[in-house]
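Spelled out from the first residue to the last, the chains are:
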Amino acid sequence: MHIHLLQHGPDHGPARLTDWLTSMGHSYTVFHLYAGELTPRPNEADALIVLDGPEALLIQPPAWFKAEDKLINRYLDGQKPLLGIGLGAHWIAQSLGAVVAPGTYAETGWHTVTLAPESSLDLPESFSAFMWHRYVFSLPDEAFPLGGSEAAPLQGFTWDRGRVISLLCHLEATPVSVNHLLSNADRPSASPAAARYVQDDAQIIEDTNRFIHLAPLLDRLMTQWLSTR
């Protein structure tokens, strides 16, 4: 399969996703929309991944968002798998009629996700995942919840029998990708009262085994997602 990935900023890359695609025999193209590359056409790939990006783009969408939004809706109306992570998950949720708004708390670092009983995803009942967000979304109509954390009761959802997946949490994170975020990206906005679930840099990078434990979770998620094709 050939997969398209849409990237929205230099600090929010595909991380482990491209390694996984290559290891499974898939090809891919990353489109750097923030750098002026054009949005691809839906008939040029077998699936689409909409990556994370700065949350400021939710407040003030860039000029190229109109074309991306059209592409997302073409995938929603079609038969091909669609995966959104972070910012990409918000834009998919928005296209499905969900409310997107700042959450009560910002959430950065490592937090536990508890799987919802009705979740259709092949993931453990609870697992630790990397977080980097303040904004959250409501559950779209006809979607099934992934589950939630203490800060964000809805960490994602599946739609159309699992063909469409949106995730707030990051299963694709690696030490390199997270260190790049910490060094270069703006932090999700949080007042002192909203910073209960914000970890400092030392807490985030102190245990590299956390990244190792993400790999099998990503494998299970991606395998299930692409099996819907």
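The preceding data block contains the structure.
What comes next concerns the included structure. (Residues numbered from 1 in each chain as written. Predicted model: local features only at pLDDT ≥ 70, side-chain atom pairs only at ≥ 80, totals over all residues. Heavy atoms only, no water.)

## Here's the deal with the packing of aromatic side chains
Between two aromatic rings, the relevant description is the distance of the centres plus the angle of the planes. Basically, it comes down to this: Two rings belonging to Phe, Tyr or Trp (six-membered ring only in the last case) form a pair when the distance between their centres is within 6.5 Å. Interplanar angles under 30 degrees mark stacking, angles over 60 mark edge-to-face geometry, and anything in between is tilted. A run of H or I in DSSP counts as a helix once it spans at least four residues, and a run of E counts as a strand once it spans at least two, with each numbered from the N terminus. Exposed residues in this analysis have more than 50% of their type's maximum accessible area, buried residues have under 20%, and partly exposed residues fall in between, with area computed by a 1.4 Å probe over protein chains only.
Across all of its chains, the model carries 6 aromatic pairs by this definition. With a centroid separation of 4.3 Å and an interplanar angle of 40°, the aromatic rings of Phe65 and Trp91 are classed as tilted. With Phe65 in helix α3 (residues 65-77) and Trp91 in helix α4 (residues 87-95), the pair connects residues that are 26 residues apart, well separated along the chain. No difference in accessibility class separates Phe65 from Trp91, as the two residues are buried. Centroid distance Phe130 to Trp132: 6.2 Å. Interplanar angle 20°. Geometry classified as stacked.

## What to know about the packing of helix α1 (residues 16-23) against helix α7 (residues 209-226)
Geometry of a packed helix pair, given as the angle between the helix axes and the separation of the axes. Heads up, the rule is: The axes are straight lines fitted to the C-alpha atoms, using for helices just the contacting stretch, and the angles between their N-to-C directions are given from 0 to 180°. The scheme is simple: roughly parallel for angles under 35 degrees, roughly antiparallel for over 145, roughly perpendicular for 65 to 115, oblique for anything else. Two helices cross in a left-handed way if the nearer one is turned anticlockwise from the farther one by less than a right angle. They cross in a right-handed way if the turn is clockwise. Contact definition: two residues touch when any of their heavy atoms are within 4.5 Å. When residues are grouped by polarity, Ala, Val, Leu, Ile, Met, Phe, Trp, Tyr, Cys and Pro land in nonpolar, Asp, Glu, Lys and Arg in charged, and all others, Gly among them, in polar.
For the pair α1 and α7, interaxial distance at closest approach is 11 Å and the crossing angle is 60°. On the basis of the axis angle, α1 is oblique to α7. Like other packed secondary-structure pairs, α1 and α7 cross with a definite hand, here right-handed. Contact residues: α1 offers Arg16, Leu17, Trp20 and Leu21, while α7 offers Phe211, Leu214, Ala215, Leu218, Asp219, Met222, Thr223 and Leu226. Counted by class, the contact of α1 with α7 contains 9 nonpolar, 1 polar and 2 charged residues.

## Here's the deal with unusual backbone geometry
A positive phi is found at Ala15, a non-glycine position, where the angle reads about 55°. With respect to the helices and strands, Ala15 occurs in the loop between β1 (2-7) and α1. Overall, the relative accessible area of 21% leaves Ala15 in the partly exposed class. Positive phi, close to 60°, is recorded for Arg161, a residue that is not glycine.

## Details of α4
For the α-helix, the turn length of 3.6 residues means that residues three or four positions removed from each other point alike. The buried fraction of α4 amounts to 7 of the 9 residues, a majority that puts the element mostly inside the structure. Within α4 the residues assigned to the buried category are Leu87, Gly88, Ala89, His90, Trp91, Ile92 and Ala93. One or two residues past the end of α4 sits Gly97, with phi positive at roughly 90°.

## Quick look at the pattern of salt bridges
For clarity, the threshold we go by: Salt bridges are defined as contacts in which a side-chain nitrogen from Lys or Arg sits within 4 Å of a carboxyl oxygen from Asp or Glu.
Here the structure, examined in full by the defined rule, presents 5 salt bridges. Of the charged contacts, one joins Asp122 and Arg220 as a salt bridge, the two residues approaching to 3.1 Å between their closest N and O atoms. With Asp122 in the loop between β5 (100-115) and β6 (126-137) and Arg220 in helix α7, this residue pair connects regions lying 98 residues apart in the sequence. Salt-bridge contacts for Asp160 lead to Arg161; the nearest nitrogen and oxygen are separated by 3.2 Å. Residues participating in the shared-partner salt-bridge network are Asp160, Arg161 and Arg163.

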